[in-house]
There are 2 protein chains.
Amino acid sequence: MALCRHIGERKVIEILTGKFDRLPNMPIPFGDDVSAYPLDEERLIILKTDMLVGGTDIPPGMSLWQAARKAVVMNVSDFAAKGVKPLCMLVSLGLPRNLTVKGLEEIGEGLNAGAREYGSYIVGGDTNEASDLVISLSVFGIAKKGTVITRRGAKPGDIVAVTGLFGKTSAGLKMLLEGFEASREIRQSILEAIYMPKARLDEGLSLALTDAVTASIDSSDGLAWSLHEISVSSNVGFLVDNPPLAPEAKMFADEHGLDPLELMLYGGEEYELVLTINPLLWSRAEDAVKGAGGRLIPIGRVTAGNLIMIETQNERRLVAPRGWEHFKGAK
Amino acid sequence: MALCRHIGERKVIEILTGKFDRLPNMPIPFGDDVSAYPLDEERLIILKTDMLVGGTDIPPGMSLWQAARKAVVMNVSDFAAKGVKPLCMLVSLGLPRNLTVKGLEEIGEGLNAGAREYGSYIVGGDTNEASDLVISLSVFGIAKKGTVITRRGAKPGDIVAVTGLFGKTSAGLKMLLEGFEASREIRQSILEAIYMPKARLDEGLSLALTDAVTASIDSSDGLAWSLHEISVSSNVGFLVDNPPLAPEAKMFADEHGLDPLELMLYGGEEYELVLTINPLLWSRAEDAVKGAGGRLIPIGRVTAGNLIMIETQNERRLVAPRGWEHFKGAK
């Protein structure tokens, strides 16, 4: 008998959404980072839900405060990718019976800290008993029609850019789940990437005002998967000739004889934005991100076709569309 | 060390909300059936989240289709109590790895059936791996300011009314969880109350247009608890002199020598509306509910003080504020 673990998360989603009647004139299709409902002639309501589950989404050593804050970051990151402000949120909790009151307080404080860090408020919620710790957030915002950046607008010739470097979360998960060591120099920075991820909200909101971004996604499932999603949605390929490899990930790879590009491509939960930018408006986009206190790193070009290639001094390789997938794990 | 199961759900909620910074000028306080965010001068965004957890919320014999539909009913019922239309919803799922594809399809179909039954659409969501089955819905709507019926407006002299009779779910849970039998005559009707609950959305939407309702709540935690919540929020008491006892619950009580009023008061998951009505506008309210195809049953009066009394031909008794509570169970 076919089970969810045989078919994997992406097929699970396809089966579910295949059962749902479509809202007439749905402003954003299933499968993008956020959902929408038409508010009036000019505006959309933007909605997003994402769930953190203790068993799969909390790495060893992460505190409940950090896990609760991360649940907020996961959701805000999708709003960041679409350039929409998260006005308020609801939290639905599944809590184990034996959770301590101190743990409960940490969860409440972590949720509030996450919401306030991004200028948002928790306005309601619901608590339940569950065997796993479950933190399900739903976030609400308002956007002008036509300003929400989808995954569909990338065009050959556009510049591919990211808001930060990749590879630290791969290295961190190898430390926490597989017992790898890291030198003192890089250890703290790598673990911080895991325990205290940041959503690039200011960057995303500033970019939304520039009209420069043709497609956008967050990198919660890894850089390779994010590129793959834009590739499929926009029907384009990529040539990445300036791989955004974090120096800590490079050092970690050197220390262990690992492939640094593998760490960079197949991490996940990095919450950087992966963007395609109209080259005529590049400096406007760059200035906007700088103005928001961030950096916009060009990593390559959008190409015709649908191949994702990466080019370094030494080699040119095809990037396989792999990423984290529930039910199956990394694939 | 203090654990959540020692303190119970209501204290858990108090601790959590105590950690949350308040949205300035929050239109609806924590603890009401729905949450709100100001949209503009005239309108509020209405938001609600509620989670169904397999281990505690799915009684034996309930299909996955029914469980998924029930998750929608739980959420819509709160919108019904506030008189707000559920425009669209998001679904966040925690699915066990060994869930069958057939089970997954049932969940998708049950969610869609529930949404469409109440004129709503699922516009997005998220899937995750979890050890429990978790169905977390979040629902979105729009209301005119001042039209959302809170729990706070009940006044002595108001008529207390309900949209249906109580006691069948208590009887049904005794059958499913404690092995009680029921005669053929009532068995089907009792199990239907458990497996196919209905949200009183048409009734709630019609009532919201009458200005007759002074306070409203749904009865998901039982009739006694619903009265208690309005009692606390509005600072009033109740005299229930026409107990809304379902005939099937009366027969079930007779068959087993149980107290029928206990079944009526302490069931839960009945999703009837419990309302207080301005007596001058009673017939307007009654007509509105009839026009929506339902019935409005007067069961007593709002009183000064804070006691909840129930009066029958034989006795007058004080209703203890008990109801279902996560982490502790029925208390």
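Scroll up a little and you will see the structure.
Being a predicted model, the structure only gives us computed values, none of them experimental. (Residues numbered from 1 in each chain as written. Chains lettered and ligands numbered in written order. Predicted model: local features only at pLDDT ≥ 70, side-chain atom pairs only at ≥ 80, totals over all residues.)

Peer 1: Got a minute to help me understand the interface of chain A and chain B in this structure?
Peer 2: You'll often see interface size given as the accessible area lost when the parts meet. Contacts between chain A and chain B engage 62 residues on the former and 62 residues on the latter. Elements supplying a minimum of two residues to the side of chain A that touches chain B: helix H1 (4–19), strand E1 (35–38), strand E2 (43–53), helix H2 (54–57), strand E3 (88–95), helix H4 (101–117), strand E4 (121–129) and strand E5 (134–144) of chain A. Classifying every residue of the side of chain A that touches chain B by side-chain character gives 32 nonpolar, 18 polar and twelve charged. (Contact = placed C-beta atoms within 7 Å. Helix = DSSP H or I, 4+ residues; strand = E, 2+ residues; numbered from the N terminus. Nonpolar A, V, L, I, M, F, W, Y, C, P; charged D, E, K, R; others polar.)

Peer 1: Looking at this structure, how should I read the relation of the copies chain A and chain B?
Peer 2: Mapping chain A onto chain B is achieved by rotating through 180° and translating by 0.0 Å along the same axis, at an RMSD of 0.0 Å. Within this description, the copies of the chain are treated as partners about a two-fold rotation axis. The residues that chain A uses at the interface reappear at the interface of chain B in 100% of cases, marking a shared surface. (Least-squares fit on C-alpha atoms with pLDDT ≥ 70 in both.)

Peer 1: How should I be thinking about the environment of Ala 215 of chain A in this particular structure?
Peer 2: Residue and element names in this part refer to chain A. With respect to the element layout, Ala 215 can be found in strand E7 (residues 213–218). Placed 104 residues apart in sequence, Ala 215 and Val 319 show a C-alpha to C-alpha distance of 19 Å. Once residues within four sequence positions are removed from consideration, Ala 215 is found in contact with Ile 149, Thr 150, Arg 151, Arg 152, Gly 153, Ala 154, Ile 230, Ser 234 and Thr 276.

Peer 1: Just to check I follow, could you spell out the pairing of strand E3 (residues 88–95) of chain B for this structure?
Peer 2: One face of the sheet, then the other: side chains in a regular strand alternate in exactly this way. Residue and element names in this part refer to chain B. For E3, the buried fraction is high: eight of the eight residues fall into the buried class. Because side chains alternate across E3, one face comprises the buried residues Cys 88, Leu 90, Ser 92 and Gly 94, and the other comprises Met 89, Val 91, Leu 93 and Leu 95, equally buried. For E3 and strand E4 (residues 121–129), the ladder comprises eight bridges, and the chain directions are parallel. Across the sheet, Cys 88 pairs through a bridge with Tyr 121, a residue of E4. What joins E3 to E4 is helix H4 (residues 101–117), and the crossover it makes is right-handed. (Buried ≥ 20, exposed ≤ 12 C-beta atoms within 10 Å, placed from the backbone. Pairing = 2+ DSSP bridges. Right-handed = clockwise from strand over helix to strand, strands pointing away.)

Peer 1: Teacher, can you tell me more about the sheet that holds strand E5 (residues 134–144) of chain B here?
Peer 2: Strand pairing in a sheet relies on backbone hydrogen bonds. The paired strands run either parallel or antiparallel. All names here are of chain B. Spatial strand order, E1-E2-E5-E3-E4: five strands in an open sheet with mixed pairing. Of all the strands in the sheet, the pair left with one neighbour each is strand E1 (35–38) and E4. Strand-to-strand twist across the sheet, computed as the mean angle between neighbouring axes with direction ignored, equals 20°. Summarising the sheet, E1 and strand E2 (residues 43–53) pair through four bridges and their orientation is antiparallel. Bridge pairing in E2 links Tyr 37 to Ile 45. (Axes fitted to C-alpha atoms, helices over the stretch in contact; angles between N-to-C directions.)

Peer 1: Help me understand unusual backbone geometry in this model?
Peer 2: Most of the time, phi is negative for any residue but glycine, and the peptide bond is trans. All names here are of chain A. Positive phi values are uncommon outside glycine, yet Asn 235 reaches one of about 60°. Residue placement: Asn 235 occurs in the loop between helix H8 (223–234) and strand E8 (237–240). Asn 235 sits in the partly exposed class, given 14 other C-beta atoms within 10 Å. For Tyr 271, which is not glycine, the phi torsion reads 60° and is therefore positive. As for its position among the elements, Tyr 271 is in the loop between helix H10 (260–265) and strand E9 (273–277). Owing to 25 C-beta atoms within 10 Å, Tyr 271 belongs among the buried residues under this scheme.

Peer 1: How do you make sense of the nonpolar core when you look at a structure like this?
Peer 2: A general tendency of soluble globular proteins is for nonpolar side chains to be buried together. Counting 216 residues, the largest nonpolar core has Tyr 37, Leu 47 and Ile 135 of chain A together with Tyr 37, Leu 47 and Ile 135 of chain B as its most contacted members. If we ignore the near neighbours within four places in the chain, the residues touching Tyr 37 of chain B are Leu 87, Cys 88, Val 123 and Phe 140 of chain A together with Leu 44, Ile 45 and Leu 47 of chain B. (Core = buried A, V, L, I, M, F, W, Y, C linked by C-beta atoms within 7 Å.)

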